Amino acid sequence: MSARELTPENLREILSGSRVLIPLHVAPDGDSIGSALAVASACRHLDSKPTVVSSDPVPTTYSFLPGWEAIRRPERVGGQFDVLLLLDCSSLSRIGRVRELVDRAKPGERPLIAVVDHHRTGETVGDYLWSDAGAAATCEMIFDWMIDQGLPISGGVATALYTGIATDTGFYAFPNTSAGTFRRSAQLVQLGARPHHVHQKVNEERSMAEIRILGRALEKMRVAAGGRVAWTEITRSDLTDTGAGTDDTEGIVNHLRSVAGTELAVIFVEMDTEHTKVSFRSREYLDVAELARNFGGGGHARAAGAKMSGSIAEVRKRVIETGSRQLRLREAGGQGK
Ligand SMILES: [Mn+2]
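Below or above, wherever it landed, is the structure these notes cover.

Scoring rules and cut-offs
Residues numbered from 1 in each chain as written. Predicted model: local features only at pLDDT ≥ 70, side-chain atom pairs only at ≥ 80, totals over all residues. Heavy atoms only, no water. Helix = DSSP H or I, 4+ residues; strand = E, 2+ residues; numbered from the N terminus. Polar contact = N/O pair within 3.5 Å; in protein donor to acceptor, adjacent residues only side chain to side chain. Donors = N, O, S within 2.8 Å, 3.2 Å for Na, K, Ca; no water. Buried < 20%, exposed > 50% of the residue type's maximum accessible area, 1.4 Å probe, protein only. Pairing = 2+ DSSP bridges. Contact = heavy atoms within 4.5 Å. Axes fitted to C-alpha atoms, helices over the stretch in contact; angles between N-to-C directions. Disulfide = S-S within 2.5 Å. Right-handed = clockwise from strand over helix to strand, strands pointing away.

Looking at the side chain of Arg 228
- The residue Arg 228 is located in the loop between β7 (222-224) and β8 (229-234) in this model.
- A distance of 3.1 Å separates the side chain of Arg 228 from the backbone oxygen of Ala 225, its partner in a polar contact.

Right, here's the structure in full:
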């Protein structure tokens, strides 16, 4: 089944008067949360009933966003839905346990699935798809849609959209940052987003545990492929020792990439004895979305991830070997630096 193109008018029409289920993706980030809260607000102006739901705990970092407290866990959501709106992801495997809410719908009562995403992935589900790999964030797409459709953007919604754009661009530092990113952000500031406030909340209110796990990860950092690969690993005992949770490990990988000479940075986080979470970053030329797809994951060219089966030691061996090989191939191809 191939999805039909989702136009701004379609999206309005689909949402209007509907019961809309809006899942965050697993390991929700600022873009996932920001876009979901903005669409939920738009839904209220379209006489529809939105439910924002998250399979994973929603990071408290984002609790300053209005509507954060209303995000529900799947076990607290019941009833029927007319529409399932996937934001910032395009496959049911990315919404964790929310999938069960969709799967249990009786035949004929299956919700319509619409997708709004800026990731480059081969695999997509849905009846309607709006995909724009050129957008820096899903929040950029939602902002454009709300403006196009004349939907009101309150100060709270502007803050949510601004936060998604700021976090997905590394606060306007990643290569996806464009003039359009700044233009939209400027409009969002005029509508009430406060850049300093968002930066403080997202980047300057870390817990002691988060700083301790960062220290542990940096201490354990190793290099491979003559220094072009930097990697580290976090085991369950590292988490226990520092009092950190797995969401405290988000962002550590960016520190690894900052080492001069590094093209590929990788962090391995032990979920349990048989599952390992892997995050990838690259600096200039290695397509880590492609690398992550080898392991069942995905993402962007410079930032991607995968959840893999296998002990941390097995996964590390496979990933470092494949990553180093892809780096060599890329460089032998003459398209390197
Ligand atoms: Mn995003």
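After that view of the structure, there is still more to cover.
Remarks on the coordination of the manganese ion
- Taken together, the protein ligands of the manganese ion are Asp 31 (OD), Asp 88 (OD), His 118 (NE2) and Asp 168 (OD), with distances of 2.1 to 2.3 Å.
- Here the donor residues of the manganese ion are spaced in sequence according to D-x56-D-x29-H-x49-D. Here His 118 is found in the loop between β5 (112-117) and β6 (128-131), whereas its partner Asp 168 is found in helix α5 (residues 155-168), with 50 residues between them in sequence. Pair check on accessibility: His 118 and Asp 168 agree, each one buried.

What about the sheet that holds strand β9 (residues 264-272)?
- On the basis of which strands lie adjacent, the open sheet formed by six strands has the order β7-β8-β9-β10-β12-β11 and mixed pairing. Two strands in the sheet have a free side with no partner beyond their single neighbour: β7 and β11 (298-299).
- With seven bridges connecting them, strand β10 (residues 275-282) and strand β12 (residues 303-309) associate as antiparallel partners. Looking across to β12, one finds that Arg 281 is bridged to Ala 303.

Focus on the sheet that holds strand β2 (residues 19-23)
- Strand order in this open sheet of six strands is β1-β6-β5-β4-β2-β3, and the pairing throughout is parallel. Of all strands in the sheet, those bounded by a partner on one side alone are β1 (4-5) and β3 (49-53).
- In terms of strand pairing, β5 meets β6 through four bridges, oriented parallel. When the sheet's bridge partners are listed, Val 115 is paired in β6 with Leu 129.
- Running at roughly 165° to β3, helix α2 (residues 30-45) makes contact with β2, β3 and β4 (83-87) of the sheet.
- Strands β4, β5 and β6 of the sheet are contacted by helix α4 (residues 138-148), whose axis makes an angle of about 110° with β5.

Re unusual backbone geometry
- Its identity is not glycine, yet Ala 27 carries a phi of approximately 50°, on the positive side.
- Following the sequence through the fold, Ala 27 ends up in the loop between β2 and α2.
- You can call Ala 27 partly exposed: its relative accessible area is 30%.
- Its identity as a non-glycine residue notwithstanding, Tyr 172 has a phi of 65°, on the positive side.
- Along the chain, Tyr 172 falls in the loop between α5 and α6 (179-190).

Structural notes on the pairing of β10
- Of all eight residues that make up β10, seven are buried, and the element is covered over most of its length.
- Bridge analysis of β9 against β10 gives eight bridges, and the strand direction is antiparallel. Note on β10: the bridge partner recorded for Asp 272 is His 275.
- Counted along the chain from β9 to the antiparallel partner β10, the turn is two residues long.

Quick look at the state of the cysteines
- Applying the stated criterion to the full structure yields zero disulfides.
- Free of any disulfide, Cys 43 has its nearest cysteine sulfur in Cys 139, 14 Å distant.
- Note on Cys 43: relative accessible area 0%, which makes it buried.
- In this structure Cys 139 is not part of a disulfide, and its nearest cysteine sulfur, from Cys 89, lies 13 Å away.

Focus: the pairing of β3
- The element β3 is largely enclosed, with a buried count of four among its five residues.
- Bridging between β2 and β3 involves five bridges; their strand directions are parallel. Each bridged residue has a counterpart across the sheet, and for Pro 23 the counterpart in β3 is Val 53.
- For the crossover that starts at β2, traverses α2 and ends in the parallel β3, the hand is right-handed.

So, the environment of Glu 205
- As for its placement among the helices and strands, Glu 205 is situated in the loop between α7 (195-203) and α8 (208-219).
- Sequence separation between Glu 205 and Thr 61 is 144 residues, and the spatial gap between their C-alpha atoms is 7.7 Å.

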